[in-house]
Amino acid sequence: MSRIAYFGPQGTFTEQAARTFGEATLVPVETVPLVLAAVRAGEVDAGCVPVENSVEGAVTATMDSLAEDSPLVAVAEALLPVRFSILVREGVKHEDIKTVASHPHALAQVRDWVATNLPNAVPVATTSTASAAVHVHDGEFDAAVSAPVAVLHYPLVELATDVADVDNAVTRFLLLRRPGKPPEPTGTDRTSLFVVIAHDEPGSLAGTLSELALRGINLSRIESRPMRGRFGEYRFYLDFDGHVSEPRIADALAALHRNSREVRFLGSYPKADRTLSAAPPRSTASDYTAALDWVAKVQEGL
Ligand SMILES: O=C(O)C(=O)C[C@]1(C(=O)O)C=C[C@@H](O)C=C1
């Protein structure tokens, strides 16, 4: 059976996401960079990590490891609705709570709830929502902001359930592997990459994005990350509809490669919500093939 490392310990949202990828032996790993290191080292077949949340945005540990360390590619994604349970030791009441622990993304999603309901509590960052539950069980902190399933793994009780400042919050997770042939196209796929623009000059980002627009490719996410060692320089993370096996996507990737300082392909994989953005007229696979056939004939003088 394949082995999937996930951002653990047991009882994280990421574990729930990993379970959606089918039968596998799940291996909890304490941080996102360590999950990805286990995949790179070949200790597991794949790794499941969060990549973005609809309230708090990018999971920067994931983005930066994907950009800077040896390449990995996404082969699947999962979307999970996010609502939290507040877990405490038996007998602990609202007024006893002086510290409330969780992953920074989770704390950010319940900031108003904590201010209203636990006004004397100081937020404390932990590596994950489930590790917060471990620390509460150990007596180190008073309350954990956890995934609802965490109460099944740790001997704690629910002070509150269904907690979220923003309704309909969603986190997106990626299943990452060492580079290999992408999964077969499904018709509703997403392609992800990082691009470093060649020159800092007017219109250079617009020029990069127009390579997608010109080919009728729907951009679904753009995020900039600093280049860390070089102040004022950025790499752009792009998500767009389509699969690298489609001629218009391959054509766009070739154009980006030609025009950019660096492109890192991060995978073509089925979209979790299966939504389809229709290719505009004259940009289907057969339109591209017919056009290339015509050019080949012109080159041959036929
Ligand atoms: O700590 C967890 O349970 C995670 O899976 C991480 C994570 C995240 O990184 O955003 C996942 C979903 C929630 O938005 C809060 C935390």
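Residues numbered from 1 in each chain as written. Predicted model: local features only at pLDDT ≥ 70, side-chain atom pairs only at ≥ 80, totals over all residues. Heavy atoms only, no water.

Going by this rule: UniProt positions are given in the numbering used here, feature names are shortened, and annotations may be inferred rather than shown by experiment.
Going by the annotation in an unreviewed UniProt entry, the name recorded for the protein is Prephenate dehydratase, with Kibdelosporangium banguiense given as the source organism. As recorded by UniProt, the Catalytic activity (unreviewed entry) comment attached to the protein reads in full: "prephenate + H(+) = 3-phenylpyruvate + CO2 + H2O". The annotation that UniProt attaches to the protein under Pathway (unreviewed entry) is "Amino-acid biosynthesis; L-phenylalanine biosynthesis; phenylpyruvate from prephenate: step 1/1."

1. Observations concerning a nonpolar patch on the surface
Convention followed: Each patch is built from salt-bridge-free residues with over 30% relative accessible area, joining like charges within 9 Å and nonpolar side chains (Val, Leu, Ile, Met, Phe, Trp, Tyr) within 5 Å. Methods summary: accessible areas were calculated by the Shrake-Rupley approach with a probe of 1.4 Å, and residue burial reflects only the protein chains presented. Each salt bridge in this description consists of a side-chain nitrogen of Lys or Arg and a carboxyl oxygen of Asp or Glu lying within 4 Å of one another. A run of H or I in DSSP becomes a helix once it reaches four residues, and a run of E becomes a strand once it reaches two; helices and strands are each numbered from the N terminus. The buried label applies to any residue whose accessible area, calculated with a 1.4 Å probe on protein chains only, is under 20% of its type's maximum; exposed applies above 50%, and partly exposed to all values in between.
Taken together, the side chains of Trp 294, Val 295 and Val 298 present a nonpolar region at the surface, about 310 Å² in accessible area. Inspection of the secondary structure assignment puts Trp 294 in helix H10 (residues 285–300). Overall, the relative accessible area of 58% leaves Trp 294 in the exposed class.

2. Quick word on the pattern of salt bridges
Any two side chains of opposite charge can pair if their charged atoms end up close together. Applying the stated criterion across every chain yields a total of 21 salt bridges. With its nearest N and O atoms 3.6 Å apart, the salt bridge here joins Asp 64 to Arg 228. Linking Asp 64 in helix H3 (residues 60–68) with Arg 228 in the loop between strand E13 (219–226) and strand E14 (234–241), this pair joins segments that are 164 residues apart in sequence. Its relative accessible area of 53% is what places Arg 228 among the exposed residues. The closest approach of N and O atoms between Glu 223 and Arg 221, which form a salt bridge, is 2.9 Å. When its relative accessible area of 7% is taken as the criterion, Arg 221 is described as buried. Here the salt bridges do not stand alone but share partners, grouping Glu 52, Glu 77, Arg 172, Arg 190, Arg 221, Glu 223 and Asp 239 into one network.

3. Here we look at the UniProt feature "domain: Prephenate dehydratase" (unreviewed entry) in the protein
Summarizing the sequence annotation, UniProt attributes the feature "domain: Prephenate dehydratase" (unreviewed entry) to residues 3–178 in the numbering used throughout. Across residues 3–178, the secondary structure splits into 30% helix and 35% strand, with the terminal C-alpha atoms separated by 13 Å.

4. Regarding the nonpolar core
Selection rule: We define the nonpolar core as a collection of buried residues of types Ala, Val, Leu, Ile, Met, Phe, Trp, Tyr and Cys that are connected through side-chain atoms lying within 4.5 Å of one another. Note that domain bounds follow an automatic or database assignment of domains.
The biggest cluster of nonpolar side chains holds 34 residues, and the ones touching the most others in it are Cys 48, Phe 84, Trp 113 and Val 145. The greatest single-element share of this core, amounting to 4 residues, is contributed by strand E5 (residues 73–81). Here this core spans two domains, and each of domain 1 (1–81 + 169–180) and domain 2 (84–163) adds at least three residues to it. Core analysis: the second largest hydrophobic core is formed by 23 residues, Ala 5, Val 29, Met 63 and Ala 74 among them.

5. Considerations on the UniProt feature "domain: ACT" (unreviewed entry) in the protein
The UniProt record annotates "domain: ACT" (unreviewed entry) at residues 193–270. Helix makes up 29% of residues 193–270 and strand 41%, and the two end C-alpha atoms of the span are 15 Å apart.

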